[in-house]
Amino acid sequence: MKMLITLGILLVSISLEAQLLRPSTFSLEAADTVYSGLIGSSISDLAGHGDTLWLGSGHGLSASYDNGASFVGFSQRFSNLGQGGVSALEVRGDTIWVATGFDTTTGFGDLKAGGGISRSFDAGASWTHFEQPMDTLKMTVVNGDTSYEKYSVMNVWGVPLLSVDVVTPIQNITYDLAFDGTRLWATSFGGGLRVSFDLGETWERVLLPWDEFDRLDSTTIQNLGSEIDDNPTYYALDPLQHFNHIAFAVKAWNDTVWVGTSGGVNHSTDGGSTWDHYTFQNSNISGNWVIALNRQKQDDGSESVWASTITTGVGDVTGLSFFDLETGYWRAPFLGYRIWNIASDAHSIYAATDFGLWKSKDALHFKPLPNYHNADYSEAIYSDAVYSVLVNEDGAIWVGTGDGLAISNDEGLSWNIHKARSSDSGEFYAYPNPFTPKYDKVLKGQGNLIIRFKANAGEDVSISIFDFSMHTVKALVEKVNTPYSGSQERTWNGRNDGGYLVSNGTYFIRIEVESELHWTKVMVIN
């Protein structure tokens, strides 16, 4: 009974934590048009290379065809994408696969659901959408009574094994995609690991080792013999029984496949037929719940596979580990940080964490990169958390945060900032609106309302915050001389002149540039 209770607690914990594996809330619907600019400033996915880069956010998909000089956004209505925001992204040349997810209300509360997978063969000019990978609901009628079958039968090394049918997109969101040149791999919370041999049109279930097994191959199946017949439901492909069947991350090339689950990381060198299963109990990997993977190729031809882990509360830890393919050994050099995403080139490894972007040149010692802002400080990133990172083939570092995109061409010494803009924002406005100081645009532990305005060099700027009764709440800027011309910004932390958080309500912002007055307003919700 104690084991069952512990299993239940872990499953609930993983289910709740899995809701947070994509940092932003998914929109129920994407924008209505394809338009110029980023869709969403909370960027959770980056993919591509050369001049064409793709960006996923909780509001949809964006692309740059000119290495970051400009961006275009894709919508559900005109681009045939799935409902909601981007949950996974894979790019191979002009072929792009994008999985989406959305929030849905159920009898068990708000849960995430898979919005399916869309594919483009022409760099986004046209799209084909496929429903969320699921199994067929099988109905049986006996003497007028209707029932639904729980299992299908799959053949593994000539032995029939049960597989739990996943027949709903709810709790079945796709978290990662990988193309190995022949097969497309997908990892989903409820749906587990699946593989497609026709570029995403149809899918097959893939069995990973059961939790206590270090390897799965024909010998494993043969040695079990009658045990499978005696206990067929235990040896089923079943995410409710085996944490290693709940899949989150995948990397694949040629016949090599790595899969991260809530029960460890799995490695195949024959296209997914046989698997080695690594856990913190049988190796030196930092934790059992693996949410991100990266393949690093060094100049000398050697390779390492990096894995981001989250503790499951059974002795493992949150952090970053790597597997040396030459030695076959795991090392865990960076612990204590939740790592959303990993990127690398031949010389460095980058870890996107809740506390910024960290970099290592020796795979052992990590240092944080400084804050991100334009050279003239006209625009900055207000987000402690970094959710995605990509190193382009030209050496440029692309960093996705909760407040936009930062691009550096000099290893982080300087940055160009890009953010989503509303078409009706104008030149004087404030965001996010409504503003929750505890959660919005948090930098160094403090929330920020970003006030955008336009001024010329040498002009004096004053900014004040007023409550609904037009009493001054905060004199933010008093006749500060502007050193440069163009759009720029100041921030407000939601506190009054006494240092206290203001109450819920509507607040008015007066922006005075020389003698010209501009007003905007914001709703504060604590």
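For the structure, check the block above.
Positions within a chain are numbered from 1, following the residues in the order the chain's sequence is written. Local features are withheld for residues below a pLDDT of 70 in this predicted model, meaning they are given only at 70 or higher, and side-chain atom pairs are given and counted only at 80 or more; totals for whole chains, interfaces and linings count all residues. Note that water and hydrogens are dropped before the side-chain values are worked out from all heavy atoms of the structure.

Draft legend 1. Spotlight on the environment of Ala 430. Tracing the chain through its elements places Ala 430 in strand E35 (residues 429-431). Exposure is judged per residue with a 1.4 Å probe applied to protein chains only, and the accessible area is read against the type maximum: over 50% gives exposed, under 20% gives buried, and values in between give partly exposed. For Ala 430, a relative accessible area of 9% puts it in the buried group. A sequence separation of 65 residues divides Ala 430 from His 365, and the C-alpha atoms of the two residues are 40 Å apart. Here a residue-residue contact requires only that any non-hydrogen atoms of the pair lie within 4.5 Å. Contact partners of Ala 430, with chain neighbours within four places excluded, come to Leu 449, Ile 450, Ile 451, Ile 509 and Thr 520. Each helix is a run of DSSP H or I of at least 4 residues and each strand a run of E of at least 2, with the numbering of both proceeding from the N terminus.

Draft legend 2. A look at the packing of aromatic side chains. The rule is short: rings of Phe, Tyr and Trp, with Trp giving its six-membered ring, pair when the centres are within 6.5 Å, and they are stacked under 30 degrees, edge-to-face over 60, tilted in between. One pass over the full model with this rule turns up 33 aromatic pairs. With centroids separated by 6.0 Å and ring planes inclined at 70 degrees, the aromatic side chains of Tyr 278 and Trp 330 adopt a geometry described as edge-to-face. A residue pair is termed long-range when its members are at least 10 positions apart, and Tyr 278 in strand E22 (residues 275-278) and Trp 330 in strand E26 (residues 329-335) qualify at 52 residues. Summarising the burial analysis for this pair, Tyr 278 and Trp 330 share the class buried. Taken together, a centroid distance of 4.8 Å and an interplanar angle of 85 degrees make the contact between Tyr 372 and Trp 415 edge-to-face. Taken together, the residues span a long stretch of sequence, with Tyr 372 in the loop between strand E30 (367-368) and strand E31 (386-391) and Trp 415 in the loop between strand E33 (404-408) and strand E34 (416-418) at a distance of 43 residues. For the residue pair Tyr 372 and Trp 415, the accessibility class agrees, reading buried in each case. Every member of this aromatic cluster is reached through a ring pair, and the members are Trp 306, Phe 322, Phe 334, Tyr 337, Phe 355, Trp 358 and Phe 366. Directly above the aromatic system of Trp 340 lies the positively charged group of Arg 338, at a separation of 4.6 Å from the ring centroid. We count a charge as sitting over a ring when the NZ of a lysine or the CZ of an arginine lies within 6 Å of the ring centre and within 35 degrees of the ring normal.

Any functional reading would require information beyond the geometric quantities listed.
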